[in-house]
Amino acid sequence: MQKKHLAAAAALATLAAAGSAQAQTSVTVYGLIDSGVEFVNNAGAKGGSVTRLSSGTMNTSRIGFRGTEDLGGGLKAIFQLENGFKLDTGAFDGDANQLFNRQSNVGLEGGFGRVVAGRSFSTTYDFILPFDPMGYSANYSWVTSAGATGGRKDGMPTGVSNLVKYQGEFGGVKIGAMYGFGEVAGNNSDSAKYGVGLGWGSGPFSVAGTFDRVNGTAGTNGAYDKTTTAHLAGGYQPVDAWKFNLGYRYYKKTLATGATDLRSNFFWGGASYKVTPAVTVIGTVYYQDIKNISNDADPVMYSLRLKYALSKRTDLYMSTAYAKAKNNQLVGLSRDDVGYGTSQFGTTLGMQHRF
């Protein structure tokens, strides 16, 4: 009888251990669905206006899988797979050959912070985008890149492949670093990317600074383009209803050909105000000061958004923006559009749901 009791106890212990192990592992399916009807002028090479259904007009539509496993001692194994897509067509948002174009990484997390390897966003993106009042917006924001003067982007590195990235936060101080392998035999610097970030927050104040370098593909002589950017951004939230943000980007691209460097300074500033718990108004100004060329565009864009929360997960919104450039140069509202006129106006009525 005692043996039977011992066997039963062992079986129960085994089941309990299995249940405990199951409880320590979790996988979450999440996503964001965003689409809107947009009117925009100067919308094509032949001119004219267009009304269209656009995807991801406030934030990129996506679906993802996030998982953790408790390894004990405060250490966790983590992974993330995330695909961006266009809701209006069902197509990939980005390179058609990238199934998980936003995130595909695995790593470890603990008291030291978090380390991931694979594809993820750059350290600059992680540290600076929270200071954009328009909030990671694909449309009507130029924080990731601004298109003007011959289609120049003059932006920050965003998605990075072949990446190892670290981030940790200690007593209000946040630190981060990344390295993207170029994976070119015989030249480790060819196509490599690296960056560092430092942030701090206390009470209503927050600030972050970053530095990064992106190397181009080397030519037959071994020389390659070098893009250097540095960012500084700050936020102030005196009360829950109000939030103010400012930001600056230094951009320099040294060309392997020896031609004049591409240089620009980029500035933005804006605020958000909660009129009621459900209604938020956001306004932002973006300005790019292009250097080292004559007849530069020096584009400016004014963005305004009204957002109404139907619930914690579902928003209705209206976004409007106007951009203009100098010296007959082209300008576009979207980070992905170089523009077809010296000015552009657009407005969008949209809906976003998060799950």
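Treat the numbers as computed from the prediction; the structure is a model and nothing was measured. (Residues numbered from 1 in each chain as written. Predicted model: local features only at pLDDT ≥ 70, side-chain atom pairs only at ≥ 80, totals over all residues. Heavy atoms only, no water.)

### Here's the deal with the environment of Thr342
Using the following cut-off: Secondary structure elements follow DSSP: runs of H or I no shorter than four residues count as helices, runs of E no shorter than two count as strands, and numbering proceeds from the N terminus. The contact definition used throughout considers only heavy atoms, calling two residues in contact when any of these lie within 4.5 Å.
You can see Thr342 is positioned in the loop between β16 (314–324) and β17 (343–354). The sequence separation of Thr342 and Pro299 amounts to 43 residues, and the corresponding C-alpha distance is 9.1 Å. Leaving out residues up to four positions away in the same chain, Thr342 has contacts with Ala323, Lys324, Ala325, Asn328, Gln329 and Val331.

### A few points about the side chain of Thr210
Keep this limit in mind: Relative accessible area decides the class of each residue, using a 1.4 Å probe on protein chains only: under 20% of the type maximum gives buried, over 50% gives exposed, and in between gives partly exposed. Polar contact is the term for a pair of N or O atoms within 3.5 Å; when the atoms are in protein, one must be able to donate a hydrogen and the other to accept it, and sequence-neighboring residues count only if both atoms are side-chain atoms.
Among the secondary structure elements, Thr210 is positioned in strand β10 (residues 205–215). Owing to a relative accessible area of 6%, Thr210 belongs among the buried residues under this scheme. Within the structure, Thr210 has its side chain in polar contact with the side chain of Thr124 (distance 3.4 Å). When neighbours within four sequence positions are excluded, Thr210 is seen to be in contact with Thr123, Thr124, Phe127, Ile128, Val196, Gly197, Thr229, Ala230 and His231.

### Here we look at the pairing of strand β13 (residues 262–274)
Here is the rule: Criterion used throughout: strands pair if DSSP finds at least two bridges between them.
Pairing geometry for strand β12 (residues 242–254) and β13, over 12 bridges, is antiparallel. By the bridge assignment, Lys243 is partnered in β13 with Ser272. Judged from the 12 bridges that link them, β13 and strand β14 (residues 279–291) form a sheet pairing that is antiparallel. Bridge pairing in β14 links Gly270 to Thr284. Counted between consecutive antiparallel strands, the loop separating β13 from β14 contains 4 residues.

### What about the pairing of strand β3 (residues 62–72)?
Bridging between strand β1 (residues 25–40) and β3 involves 8 bridges; their strand directions are antiparallel. What sits directly across from Val29, in β3, is Phe65. Bridge count for β3 against strand β4 (residues 75–84) is 10 bridges, and the pairing is antiparallel. Pairing of Gly67 across the sheet is with Phe79, part of β4. Between β3 and the antiparallel strand that follows it, β4, lie 2 residues; Gly73 among them carries a positive phi value of about 65 degrees.

### A short note on the environment of Thr276
Relative to the elements of secondary structure, Thr276 occurs in the loop between β13 and β14. Taking the C-alpha atoms as reference points, Thr276 and Tyr308, separated by 32 residues in sequence, lie 9.3 Å from one another. A distance of 3.1 Å separates a polar side-chain atom of Thr276 from the backbone nitrogen of Val279.

### Some thoughts on the environment of Met178
Summarising the element assignment, Met178 is placed in strand β8 (residues 173–180). Overall, the relative accessible area of 6% leaves Met178 in the buried class. When the C-alpha atoms of Met178 and Val196 are compared, they prove to be 6.5 Å apart, with 18 residues separating the residues in sequence. Filtering out sequence-adjacent residues up to four positions away, Met178 remains in contact with Ser122, Thr123, Val160, Leu163, Val164, Lys165, Lys193, Tyr194 and Gly195.

### Digging into the packing of aromatic side chains
Selection rule: Pairing of aromatic rings covers Phe, Tyr and the six-membered ring of Trp, with a centre-to-centre limit of 6.5 Å; geometry is then stacked below 30 degrees between planes, edge-to-face above 60, and tilted otherwise. Both a distance and an angle decide whether a charge sits over a ring: NZ of Lys or CZ of Arg must be within 6 Å of the ring centre and within 35 degrees of the ring normal.
Under the counting rule described, the total for this entry stands at 10 aromatic pairs. Judged by centre distance (6.4 Å) and plane angle (10 degrees), the rings of Phe266 and Tyr286 are stacked. Taken together, the residues span a long stretch of sequence, with Phe266 in strand β13 and Tyr286 in strand β14 at a distance of 20 residues. Neither Phe266 nor Tyr286 differs from the other in exposure class; each is buried. The structure contains a cluster of three or more aromatic residues connected by ring pairs, namely Phe121, Tyr125 and Tyr136. The positively charged end of Arg66 is found above the aromatic ring belonging to Tyr30, 4.1 Å away from the centroid. We note Lys174 situated over the ring of Phe127; from NZ or CZ to the ring centre the distance is 4.6 Å.

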